[in-house]
Amino acid sequence: MNKVATPLKAAAIYNILIGLIVLSPALVRSVFGYELKDPGAALLVAIYGLSFGIVVWSIAANSTKYGGLAGPVVVTFVLGVIMLLWGWFRGTYTVRNVGLPIVINAALAAWIWTSRPRG
């Protein structure tokens, strides 16, 4: 197993946890301090969080073969940071809503990027 497997597994677990948290409005309120206004949109976020987590776990589980997909995984985390920042700057979210997810997404992106296979 090459060194990209560990950060990919961490990223997978993070996304699966986000997906599970978003399934519960009470957990979203407790963890992110955000009141869910659209249960349908929340369900989509949960589905994509869970699905992406499963895909990333699959990449990590066979990182020797699929480790080259680390770059696209990093791109998704960078896009996530951009979208969270956009929501914050537009006033949709507060720092409490997005501060920690921005830090976690950026840290995971950096960790995966520096651990990815080269060559």
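Just above, that's the structure.
Here the residue numbering is sequential within each chain, running from 1 through the sequence in written order. Per-residue local features of the predicted model are confined to residues with pLDDT of at least 70, and side-chain atom pairs are confined, for both listing and counting, to 80 or more; whole-chain, interface and lining totals are unaffected and use all residues. Only heavy atoms go into the side-chain values, all of them from the structure, while hydrogens and water stay out.

Trainee: It is not clear to me how the overall build of the protein chain should be interpreted in this structure. Could you clarify?
Mentor: Each helix is a run of H or I in the DSSP string that is no shorter than four residues. Each strand is a run of E no shorter than two, and both are numbered from the N terminus. Across its full length, the protein chain carries six helices and zero strands. For 119 residues, the compact-globule estimate of 2.2 N^0.38 gives 14 Å, and the C-alpha radius of gyration of the protein chain, at 15 Å, lies within 12% of that figure. Judged by the C-alpha coordinates and their principal axes, the protein chain covers about 45 × 25 × 20 Å. In the protein chain, which comprises 119 residues, the share counted as buried stands at 35%. Contacts are assigned to residue pairs that have any heavy atoms within 4.5 Å of one another. A fraction of 72% describes how many contacts in the protein chain between residues 6 or more apart in sequence connect residues 24 or more apart. Reported accessibility uses the Shrake-Rupley method at a 1.4 Å probe radius. Residues are deemed covered only where the shown protein chains occlude them. Surface accessibility of the protein chain: about 7000 Å² in total, with carbon and sulfur atoms responsible for 72%. When we talk radius of gyration, it's over C-alpha atoms, and the globule rule is simply 2.2 Å times the number of residues to the 0.38. For every residue, the accessible area (1.4 Å probe, protein chains only) is compared with the maximum for its type, and the residue is labelled buried under 20%, exposed over 50%, or partly exposed between those bounds.

Trainee: What am I meant to see in a nonpolar patch on the surface here?
Mentor: In this scheme, patches are assembled from residues that exceed 30% relative accessible area and form no salt bridge. Like charges are connected within 9 Å, while nonpolar side chains (Val, Leu, Ile, Met, Phe, Trp, Tyr) are connected within 5 Å. Salt bridges, as used here, are contacts in which a Lys or Arg side-chain nitrogen is within 4 Å of a carboxyl oxygen on Asp or Glu. A contiguous nonpolar patch, built from I13, L17, L20, L23, L43, L44, I47, Y48 and W57 and spanning about 890 Å² of accessible area, is present on the exposed surface. Put simply, the parts of the chain that give the nonpolar patch at least two residues each are α1 (5-22) and α3 (39-61). Considering the arrangement of structural elements, one finds L23 in the loop between α1 and α2 (25-32). Using a relative accessible area of 46% as the deciding quantity, one classes L23 as partly exposed.

Trainee: Looking at this structure, I do not really get helix α5 (residues 70-89). What am I missing?
Mentor: With 20 residues, α5 should reach 28 Å at 1.5 Å per residue; the first-to-last C-alpha distance of 29 Å fits that figure. For α5, the complete set of buried residues consists of A70, G71, V73, V74, F77, G80, V81, L84 and G87. Where α5 is buried, its residues contact α1, α3, α4 (63-66) and α6 (95-115). Positioned one or two residues after α5, G91 has a phi angle of 90°, which is positive. Multiplying 1.5 Å by the residue count of a helix minus one yields the expected span of that helix.

Trainee: Is there a simple way to explain the nonpolar core in this structure?
Mentor: Soluble globular proteins tend to bury their nonpolar side chains together. By nonpolar core is meant a set of buried Ala, Val, Leu, Ile, Met, Phe, Trp, Tyr and Cys residues that side-chain atoms within 4.5 Å join together. Formed by 22 residues in total, the largest nonpolar core has its most connected members in L8, A11, V22, V56, V73, F77 and I112. Looking at this core, the elements that each hand over two or more residues are α1, α2, α3, α5 and α6. Broken down by element, the residue count for this core peaks at seven residues, all from α1. Discounting residues that sit within four places of it in the chain, A11 has contacts with V56, F77, L108 and I112.

Trainee: Honestly, the layout of surface pockets in this entry has me stumped. Any pointers?
Mentor: Where empty space is left in the structure can be found by rolling a water-sized probe over the atoms. Points on a 1 Å grid, built from protein atoms alone, make a cavity when a 1.4 Å probe fits but cannot get out and make a pocket when they are open with protein on both sides within 12 Å along at least 5 of 7 lines; residues with an atom within 4 Å of a point are the lining residues. Grid points are joined across faces, edges and corners, and a volume is the space filled by probe spheres set on the points. By volume, the largest pocket amounts to about 1100 Å³. If you go around the largest pocket, you meet 30 residues; those closest to its centre are I18, V22, V45, L84 and Y93. Counting residues per element, the lining of the largest pocket draws most heavily on α5, which supplies seven residues. Gly falls in the polar group here, along with every residue not listed as nonpolar (Ala, Val, Leu, Ile, Met, Phe, Trp, Tyr, Cys, Pro) or charged (Asp, Glu, Lys, Arg). When grouped by side-chain class, the residues that make up the lining of the largest pocket number 19 nonpolar, eight polar and three charged.

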